[in-house]
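Residue strings, one per chain:
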Amino acid sequence: METPPDSAALRTAYDALIDAAVPDLPPQALAEVFDRLVWCLDDNGTSLAEAQRGWMKGSDVRRIEIALCMSEACPFSTAEELREMLEDIAARRPLLAKLCQHYADNFMPVLNRR
């Protein structure tokens, strides 16, 4: 039986997909690919959530946009963690504030029920 790739190898593959995408591909298009992968990988999206959280913390606007366009899973356990991250992104990248609000609208109700 083959050993599944480790989390770091998968994160490297996710970054390679972003780097190899055509430059004018909208962030929503890659977000859809990653959203699909959540359901296709045997780690139940854990490695993708780690990558998504890293993209949100980072400085690469394209990766932040892709992370904020993802809709199948949220890489945060609590509404407070999510709120802090989105506030940080909006402060660092004011042009992404509307996208941050959209992400919050999608995931805050789910996290508030936990």
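Described in the following lines is the structure provided in the data block.

How each quantity is defined
- Residues numbered from 1 in each chain as written.
- Predicted model: local features only at pLDDT ≥ 70, side-chain atom pairs only at ≥ 80, totals over all residues.
- Heavy atoms only, no water.
- Phe/Tyr/Trp six-rings, centres within 6.5 Å; stacked < 30°, edge-to-face > 60°.
- Helix = DSSP H or I, 4+ residues; strand = E, 2+ residues; numbered from the N terminus.
- Buried < 20%, exposed > 50% of the residue type's maximum accessible area, 1.4 Å probe, protein only.
- Salt bridge = Lys/Arg side-chain N within 4 Å of Asp/Glu carboxyl O.
- Core = buried A, V, L, I, M, F, W, Y, C linked by side-chain atoms within 4.5 Å.
- Contact = heavy atoms within 4.5 Å.
- Expected span 1.5 Å × (residues − 1).

Under the defined criterion, the tally for this structure stands at three aromatic pairs. With 5.8 Å between their ring centres and 80 degrees between their planes, Tyr14 and Phe34 make a pair best called edge-to-face. In this pair, Tyr14 sits in helix α1 (residues 7-20) while Phe34 sits in helix α2 (residues 27-40), placing the two residues 20 residues apart along the sequence. Looking at Tyr14, the relative accessible area reads 3%, which means it is buried. Between Phe34 and Trp55, the ring centres sit 5.2 Å apart and the planes meet at 55 degrees, which makes this aromatic pair tilted. Note that Phe34 is positioned in helix α2 and Trp55 in helix α3 (residues 46-57), a separation of 21 residues in sequence. Like Trp55, Phe34 is buried. Three or more aromatic residues link up through ring pairs in this structure, and these residues are Tyr14, Phe34 and Trp55.

Here we come to the pattern of salt bridges. Taken as a whole and assessed by the stated rule, the structure comprises seven salt bridges. Of the charged contacts in the structure, one is a salt bridge between Asp15 and Arg63, with a shortest N-O distance of 3.0 Å. With Asp15 in helix α1 and Arg63 in helix α4 (residues 61-69), this residue pair connects regions lying 48 residues apart in the sequence. Using a relative accessible area of 13% as the deciding quantity, one classes Arg63 as buried. When the shortest N-O distance is used, the salt bridge between Arg63 and Asp19 registers 2.7 Å. One end of the pair, Arg63, is in helix α4; the other, Asp19, is in helix α1, and 44 residues separate them in sequence. The class of Asp19 is exposed, set by a relative accessible area of 56%. Bridged by salt links that share partners, the residues Asp15, Asp19, Asp60 and Arg63 form one connected network.

Moving on, we get to the nonpolar core. Ranked by internal contacts, the top residues of the largest apolar core, which has 32 residues, are Phe34, Trp55, Leu82 and Ile89. Mapped onto this core, the elements with two or more residues apiece are α1, α2, α3, α4, α5 (79-92) and α6 (97-112). Among the elements that line this core, the one with the most residues is α6, at six residues. Beyond its immediate sequence surroundings of up to four residues, Phe34 is in contact with Tyr14, Leu17, Ile18, Leu48, Trp55, Ile66 and Met70.

Here we come to α6. In an α-helix, one turn spans 3.6 residues, which is why side chains three or four residues apart end up on the same side. Relative to the 22 Å expected for 16 residues at 1.5 Å per residue, α6 spans 21 Å between its end C-alpha atoms, a close match to the ideal helical length. When we look at burial in α6, the residues that qualify are Cys100, Tyr103, Ala104, Phe107, Met108 and Leu111.

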